[in-house]
Amino acid sequence: MHFTLCKKDKLRLKAQFDDVRQRGVRQAGPAVVAAVAPFEQLQCGVVCGRKFDLLAVKRNRARRLLWESFRLLKPYIKPCRIVLIPRRRILKYSAQRTMQELAGLLAQHGVLREDADIPQLKS
């Protein structure tokens with residue numbers, strides 16, 4: 001399996017985020033909002049500004065949880081662009097629970113591969 005993240009896996013430019021915002025479909029869960037737009041390559045971006053929390057420590061934890069979940073799910077996701085927006089409830093979630101919620105949202109979007117047998121993280 002390929003469980004690494006490189007620069008090409010991440011959305012970097014404002015235009016890329018705007019593209020997903022305009023052409024994408026949003027799906028909200030208790031701790032994460034996911035916007036998905038069709039694209040020929042798999043790319044992801046995480047948006048977590050000061051509106052989420054004034055403390056950088058909490059914003060960084062939310063980002064880390066989402067990036068780690070995306071990294072582990074990456075082999076099972078079809079090519080598309082994804083923008084993830086954390087909600088405050090994510091701060092109480094474990095990495096396993098975050099990954100399960102993200103997998104559920106992506107399955108609702110229909111971007112998980114049909115043959116995806118997603119392994120569970122150990123608690």
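Computed from a predicted structure; not experimentally measured.

Draft legend 1. Highlighting the environment of Ala31. For Ala31, the location among the structural elements is in the loop between strand 1 (25–28) and strand 2 (32–38). According to the relative accessible area criterion, Ala31 is buried, its value standing at 0%. Residues Ala31 and Cys6, 25 residues apart in the sequence, show an inter-C-alpha distance of 25 Å.

Draft legend 2. Structural context of helix 2 (residues 56–73). The end-to-end C-alpha distance of helix 2 is 26 Å, a good match for the 26 Å that 18 residues give at a rise of 1.5 Å each. Residues Arg59, Ala62, Leu65, Leu66, Trp67, Ser69, Phe70, Leu72 and Leu73 constitute the buried set of helix 2. In this fold, the buried residues of helix 2 make contact with strand 2, strand 3 (43–46), strand 4 (80–86) and helix 3 (95–109).

Draft legend 3. Inspection of the pattern of salt bridges at higher detail. By the definition in use, this model includes eight salt bridges. Here Asp9 and Lys74 are joined by a salt bridge, their closest N and O atoms 2.7 Å apart. Residue Asp9 is found in the segment before helix 1 (14–23), and its partner Lys74 is found in the loop between helix 2 and strand 4; the two are separated by 65 residues along the sequence. The pair formed by Asp9 and Lys74 is uniform in burial state, with each residue classed as buried. For the salt bridge of Arg81 with Asp19, the shortest nitrogen-to-oxygen distance reads 3.3 Å. Highlighted residues: Arg81 in strand 4 and Asp19 in helix 1, separated in sequence by 62 residues.

Draft legend 4. Fine view of the pairing of strand 1. Note: strand 1 against strand 2, four bridges, orientation antiparallel. Across the sheet, Gln27 pairs through a bridge with Ala34, a residue of strand 2. Between the end of strand 1 and the start of strand 2, which pair antiparallel, lie three residues.

Draft legend 5. Region of interest: a positive patch on the surface. Together, Arg26, Arg87, Arg89, Lys92 and Arg97 give the surface a local cluster of positive charge. Checked against the element boundaries, Arg87 lands in the loop between strand 4 and helix 3.

Draft legend 6. A look at the packing of aromatic side chains. As enumerated under the stated definition, the model contains one aromatic pair in all. An angle of 75° between the planes, with centres 6.1 Å apart, marks the rings of Trp67 and Phe70 as edge-to-face. Within this pair, Trp67 and its partner Phe70 are both found in helix 2, separated by three residues, close to a single helical turn. Over the ring of Trp67 we find Lys10, and its NZ or CZ is 4.7 Å from the ring centre. Against the face of Phe39 rests Arg81, its NZ or CZ located 3.7 Å from the ring centre.

Draft legend 7. The arrangement of the environment of Arg63 in detail. Locating Arg63 in the fold gives a position in helix 2. Through-space distance from the C-alpha of Arg63 to that of Asp19 is 21 Å; in sequence the pair is 44 residues apart. Engagement of the side chain of Arg63 in a polar contact is seen with the side chain of Asn60, the distance being 2.6 Å.

Definitions and limits used
- Residues numbered from 1 in each chain as written.
- Predicted model: local features only at pLDDT ≥ 70, side-chain atom pairs only at ≥ 80, totals over all residues.
- Heavy atoms only, no water.
- Helix = DSSP H or I, 4+ residues; strand = E, 2+ residues; numbered from the N terminus.
- Buried < 20%, exposed > 50% of the residue type's maximum accessible area, 1.4 Å probe, protein only.
- Expected span 1.5 Å × (residues − 1).
- Contact = heavy atoms within 4.5 Å.
- Salt bridge = Lys/Arg side-chain N within 4 Å of Asp/Glu carboxyl O.
- Pairing = 2+ DSSP bridges.
- Patch = residues over 30% accessible without salt bridge, like charges linked within 9 Å, V, L, I, M, F, W, Y side chains within 5 Å.
- Areas by Shrake-Rupley, 256 points an atom, 1.4 Å probe, with all protein chains shown as cover.
- Lys, Arg positive; Asp, Glu negative; His and termini not counted.
- Charge placed at Lys NZ, Arg CZ, Asp CG, Glu CD.
- Phe/Tyr/Trp six-rings, centres within 6.5 Å; stacked < 30°, edge-to-face > 60°.
- Lys NZ or Arg CZ within 6 Å of the ring centre and 35° of its normal.
- Polar contact = N/O pair within 3.5 Å; in protein donor to acceptor, adjacent residues only side chain to side chain.

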